[in-house]
Amino acid sequence: MAEGGFPPGFLWGAATAAYQIEGAVDEGGRGESIWDRFSHTPGKTRDGDTGDVACDHYHRYRDDVRIMRELGLAAYRFSVAWPRIFPEGRGRPNPDGVAFYERLLDELEKAGIQPVVTLYHWDLPQALQDRGGWPHRDTAYRFADYAAWMFERLGDRVPYWITHNEPFVVSILGHVTGEHAPGLNDPAAGFRTAHHLLLSHGLAVQAFREGGRRKGRIGITLNLSPVHPASGSPEDEAAARRVDGLINRWFLDPLFRGAYPEDMVEHFGRLIPLPEASEDDMRLISQDVDFLGVNYYSRQVVRHDPGELFLQMRQIDGPGPKTEMGWEVYPAGLGEILRRLHEAYTKAPLFVTENGAAYPDTVSPDGAVHDPDRIAYLRDHLLELSRVIAGGVPVQGYFLWSLMDNFEWAHGYSKRFGILYVDYPTQRRIWKDSAYWYRRVIEANAVVE
Ligand code: FCB
């Protein structure tokens, strides 16, 4: 394989998530989600932005799939809004809800684009939150019911299923720091959430395997980043190991080794009550998956800080350039993570299920959106990826985050990650330079200038 090249059949894609693009929150019998409730709570999102309209993808999906085809995408990763399928989170399914995804699958099929379906990208039905949400064990079983129903209904049409997107973010940002829905500040609830998300993943995988005639493959997506110490001091190195223990190992170890990392169990066990992790739970959680999805944006650099109670650390800025999120551009970290996974955790195929960058894009007087920083970011990460694959790590696909600008959670619409610019007042999609560039990459199956 030439420098910058990719193997034949490499799956080129782009990713989105339901609440970030669909809008139409009151249509088709959809129930309320925790992100509706959270974004409508004053002070929770930038400028009070909500996903009420978002990119209006619910109505514009046909046009959006047409653009995907023009881009040459081989695959499209999207998520299903659980409250469209089960408005109350459980009980009776809503036929209009699933019909939307069936129409979307029809369009993708006509366009020759493979669907990659995430079952949970953070939009828990509010009715389940009212019954305790993820900190409550029962929610894991409700997720498994929902997943099993989806497999039954769409199992013959979906080649790739992803149970969860970024359980770390759901657990910690949703339940400990409160930056995300449901906005709790309760560390013990955060760890119960992590356990129940993992358990629900295991239950869903089990349901998938039991179901017979499934053509597809099933996996989970984690956000992973290398954690580097700010200096070579033993204190900073220990701090880096703790942060790695939470972000990466707290999820990887149960999934691939059947146990939470001992050092971290000891560390957190001194601070808060941890949920009981029975042998049965751990067996379910560590069942074989068909692939692992990795979302990679940046690395973390940390310093020992005894004043911070939870991990005794402080995050510091790395030396590299920053995206508009303030995240350091660090392409080598993608290789570091993927190699580590393959060496230390799993021989299963890997997919980069998200990678991309926000920059302050504007429409130029010539009508174009010039985003050289995004192209540079993508190019450097893809070059790194191509080297990793050449080195023998089985990465089978890449999903750019994101197909289009969208509702960036607590940041609202202020952060643009798309390769399509969305002019929100008119909902017009404008190809950024990066979209034209990505089309050429896909065509060449190689990184291009
Ligand atoms: C990831 C999320 C995705 C998007 C990107 C920027 O953590 O999975 O929805 O917000 O970050």
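Below is a summary of the structure that appears in this document. Keep in mind that what you see is a predicted model, and the values were worked out from it rather than measured.

Parameters at a glance
- Residues numbered from 1 in each chain as written.
- Predicted model: local features only at pLDDT ≥ 70, side-chain atom pairs only at ≥ 80, totals over all residues.
- Heavy atoms only, no water.
- Phe/Tyr/Trp six-rings, centres within 6.5 Å; stacked < 30°, edge-to-face > 60°.
- Buried < 20%, exposed > 50% of the residue type's maximum accessible area, 1.4 Å probe, protein only.
- Helix = DSSP H or I, 4+ residues; strand = E, 2+ residues; numbered from the N terminus.
- Contact = heavy atoms within 4.5 Å.
- Near = heavy atom within 4 Å.
- Polar contact = N/O pair within 3.5 Å; in protein donor to acceptor, adjacent residues only side chain to side chain.
- Areas by Shrake-Rupley, 256 points an atom, 1.4 Å probe, with all protein chains shown as cover.
- 1 Å grid on protein atoms, 1.4 Å probe; cavity = no way out; pocket = protein on both sides within 12 Å on 5 of 7 lines; lining within 4 Å.
- Sits in = over half its atoms within 2 Å of the grid points.
- Pairing = 2+ DSSP bridges.

1. Some details on the packing of aromatic side chains
(1) Moving on: Using the criterion set out here, one finds 47 aromatic pairs in the structure.
(2) Moving on: Taking the centre distance of 5.4 Å and the plane angle of 25 degrees together, the rings of Tyr-76 and Phe-78 count as stacked. Both residues of the pair, Tyr-76 and Phe-78, belong to the buried class.
(3) Moving on: Pairing Trp-327 with Phe-417 gives two aromatic rings, centres 6.1 Å apart and planes at 45 degrees, and the pair type is tilted. Of this pair, Trp-327 sits in the loop between strand 9 (313–316) and helix 13 (332–345) while Phe-417 sits in the loop between strand 11 (395–401) and strand 12 (420–423), placing them 90 residues apart in sequence.
(4) Moving on: Exposure remark for Phe-417: the relative accessible area of 3% places this residue in the buried category.

2. Here's the deal with the environment of Tyr-330
(1) Moving on: With respect to the element layout, Tyr-330 can be found in the loop between strand 9 and helix 13.
(2) Moving on: It is 20 Å that separates the C-alpha atoms of Tyr-330 and Ala-239, two residues lying 91 residues apart in sequence.
(3) Moving on: Look past the residues within four positions of Tyr-330 in its chain and what remains in contact with it is His-228, Tyr-296, Arg-299 and His-381.

3. Some words on the site of the ligand
(1) Moving on: For the ligand, the full set of nearby residues is Gln-20, His-121, Trp-122, Asn-165, Glu-166, Asn-295, Tyr-297, Glu-354, Trp-401, Glu-408, Trp-409 and Phe-417.
(2) Moving on: Within the side chain of Asn-165, one N or O atom sits 2.9 Å away from an oxygen atom of the ligand.
(3) Moving on: Look at the ligand: alone it shows 290 Å² of surface, and the protein chains cover 94% of it.
(4) Moving on: Of all the cavities here, the one that holds the ligand is the largest pocket.

4. Digging into the pairing of strand 2 (residues 75–79)
A regular strand carries its side chains on alternate faces of the sheet.
(1) Moving on: Within strand 2, five of the five residues are buried, which leaves the element mostly enclosed by the surrounding structure.
(2) Moving on: Alternating positions in strand 2 separate into two faces, Ala-75, Arg-77 and Ser-79 on one and Tyr-76 and Phe-78 on the other, with burial throughout.
(3) Moving on: As paired strands, strand 1 (residues 11–15) and strand 2 are joined by three bridges and run parallel to one another. Following the sheet pairing, Ala-15 is matched in strand 2 by Arg-77.
(4) Moving on: As paired strands, strand 2 and strand 3 (residues 114–120) are joined by five bridges and run parallel to one another. Bridge pairing in strand 3 places Ser-79 opposite Thr-118.

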